[in-house]
Protein chains: 2
Amino acid sequence: MRRAISMLVAGGALAGVVAFMAPASGQADGEAAPIFGIKLPAGYREWQLIAVAHEEGKLNDLRAILGNDIAIEAAREGRLPYPDGTIIARIAWSYDPLAESEKAFGHPQSFVAGLPKNGVQFMVKDSKKYASTGGWGFAQFNDAKPASAAVHETCFSCHAIVTARDFVFNRYAP
Amino acid sequence: MRRAISMLVAGGALAGVVAFMAPASGQADGEAAPIFGIKLPAGYREWQLIAVAHEEGKLNDLRAILGNDIAIEAAREGRLPYPDGTIIARIAWSYDPLAESEKAFGHPQSFVAGLPKNGVQFMVKDSKKYASTGGWGFAQFNDAKPASAAVHETCFSCHAIVTARDFVFNRYAP
């Protein structure tokens, strides 16, 4: 994919296209996560937003769900199941009170995203390759390194709670 | 801008470019918000994510801060002040408990974005046009209609709390 982009640019086409294509360029180099063999997708932080959430308890984070172009299109249309090629990213940060707004309001008011927390997780749709897990491969990376096999063994059983929504917890936030 | 895109497509260039350019196409038609004269920017929901937050109290929402390309570049680099042309969007949704995860965990666990709430807000940087308000114009739209002048009179005084951060509360979530 990187080679294709280089050719496009070398060909004198639109340099601006690079910024657009990079996030969709699929999987980067690096170590593959266990069980499902997924590598950290390139440019996922630049993907469009599907939804946001706050997790309480031990997780205690603020999180965003991003999607590659295939995911976003399906999510916007509320179309299930997600098509092959879908990649959904879950990123998360510490849940931090914002001192400035507490001062202004006189009580805790705003909680904002701090440092990265609880790793980065991905769901990759490939209905043939991952047929035994609802068509989804799962991956978690902590500081860009794959989490253990034990972690990856927990993904599908939890997502089975939402089998009726193609194993995806989030809904598109309009 | 829409005309420029049409010409590009009619010219037989890359159709995929449309999806890339649309979010950067500036301000759409529609009624301008009072005081600052800002119209609802086109395609803002497709902009990249700067940060997420939860507001308590009367606001009681989950929110995402998105930025146009100029905003995102500056936010990633932590560069202040934001350059002219920056547009920052604040979208928000109701703060809804997720029944599925409460069932799985046995207690309230996940709070997710529900329906749109508290309008959509924008900060537009134009250091000359908005010189008297720190270089920023402010706008709020409720169901795509501009909020009242009274609402817009409150923007700058509140953002003055964070004058040292170029009047922007949020920080880029890495």
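Residues numbered from 1 in each chain as written. Chains lettered and ligands numbered in written order. Predicted model: local features only at pLDDT ≥ 70, side-chain atom pairs only at ≥ 80, totals over all residues. Heavy atoms only, no water.

**Q** What should I look at first to understand the relation of the copies chain A and chain B in this one?
**A** Copy one and copy two of the chain differ by a rotation about an axis and a translation along that axis. Aligned on chain B, chain A shows an RMSD of 0.0 Å; the corresponding rotation is 180° and the shift along the axis is 0.0 Å. Accordingly, the operation relating the two chain copies is best matched by a two-fold axis. Looking at chain A, 100% of its interface residues are interface residues in chain B too, so the copies touch through the same face. (Least-squares fit on C-alpha atoms with pLDDT ≥ 70 in both. Contact = heavy atoms within 4.5 Å.)

**Q** When you look at the confidence of the model for chain A in this model, what are you seeing that I'm missing?
**A** Regions with low pLDDT carry predicted coordinates that are not meant to be interpreted in detail. Residues and elements named next belong to chain A. Looking at chain A, pLDDT values average 87 and 83% of them are 70 or higher. Throughout residues 1–25 the model reports pLDDT below 50, and contacts reaching past four residues in sequence, or to other chains, amount to 27 contacts. Among the prediction metrics, the complex's ipTM stands at 0.84, with pTM recorded as 0.84. (pLDDT = per-residue confidence, 0-100.)

**Q** What am I meant to see in the pattern of salt bridges here?
**A** Any two side chains of opposite charge can pair, given that their charged atoms come close. Per the counting criterion, the structure on display carries 14 salt bridges over all chains. Ionic pairing is found between Glu100 of chain A and Arg165 of chain B, a salt bridge with its closest N-O pair at 2.7 Å. On the criterion of chain membership, the pair formed by Glu100 of chain A in helix 4 (residues 99–105) and Arg165 of chain B in the segment after helix 6 (155–159) is interchain, its members lying in two chains. The class of Arg165 of chain B is buried, set by a relative accessible area of 15%. In this structure, a network of salt bridges that share partners links the residues Glu55, Asp61 and Arg63 of chain A. (Salt bridge = Lys/Arg side-chain N within 4 Å of Asp/Glu carboxyl O. Helix = DSSP H or I, 4+ residues; strand = E, 2+ residues; numbered from the N terminus. Buried < 20%, exposed > 50% of the residue type's maximum accessible area, 1.4 Å probe, protein only.)

**Q** I keep staring at the packing of aromatic side chains and nothing clicks. Help me out?
**A** Ring pairs (aromatic) are described by centroid distance and by the angle formed between their planes. Evaluation of the coordinates by the stated rule reveals 16 aromatic pairs over all chains. Aromatic pair Phe36 of chain A and Tyr130 of chain A: ring centres 5.8 Å apart, planes at 70°, arrangement edge-to-face. Of the two residues, Phe36 of chain A sits in the loop between helix 2 (17–21) and strand 1 (48–55) while Tyr130 of chain A sits in the loop between strand 5 (120–125) and strand 6 (136–142), which places them 94 residues apart along the sequence. The pair Phe36 of chain A / Tyr130 of chain A is uniform in exposure class, with both members buried. When the ring of Phe138 of chain B is compared with that of Phe156 of chain B, the centres are 6.5 Å apart and the planes differ by 55°; the resulting orientation is tilted. Residue Phe138 of chain B is found in strand 6 (residues 136–142), and its partner Phe156 of chain B is found in helix 6; the two are separated by 18 residues along the sequence. Its relative accessible area of 2% is what places Phe138 of chain B among the buried residues. By relative accessible area, which is 25% here, Phe156 of chain B ends up partly exposed. (Phe/Tyr/Trp six-rings, centres within 6.5 Å; stacked < 30°, edge-to-face > 60°.)

**Q** Looking at this model, I keep getting lost on the environment of Phe156 of chain A. Mind explaining?
**A** Note: C-alpha distance between Phe156 of chain A and Trp136 of chain A (20 residues apart in sequence) is 8.3 Å. Beyond its immediate chain neighbours, meaning those up to four positions away, Phe156 of chain A contacts Ser132, Thr133, Gly134, Phe138 and Phe167 of chain A.

**Q** Could you clarify how one ought to interpret the interface of chain A and chain B in this entry?
**A** How large an interface is tends to be reported as the accessible area lost when its parts come together. If you look at the interface, chain A gives 42 residues, while chain B gives 42 residues. When chain A packs against chain B, the two sides together hide about 3700 Å² of surface, and 61% of this comes from carbon and sulfur. Scanning the region where chain A abuts chain B turns up four salt bridges. For the pair chain A and chain B, the number of links is 22 residue pairs in polar contact (both at pLDDT 80 or more). Of all the secondary structure elements, the ones that give two or more residues to the side of chain A that touches chain B are helix 2, strand 1, strand 2 (61–67), strand 3 (87–97), helix 4 and strand 4 (110–116) of chain A. If you tally residues by element for the side of chain A that touches chain B, the top one is strand 1 of chain A, at seven residues. Residues belonging to the side of chain A that touches chain B are distributed by class as follows: 27 nonpolar, six polar and nine charged. (Buried area = accessible area lost by both parts, 1.4 Å probe. Polar contact = N/O pair within 3.5 Å; in protein donor to acceptor, adjacent residues only side chain to side chain. Nonpolar A, V, L, I, M, F, W, Y, C, P; charged D, E, K, R; others polar.)

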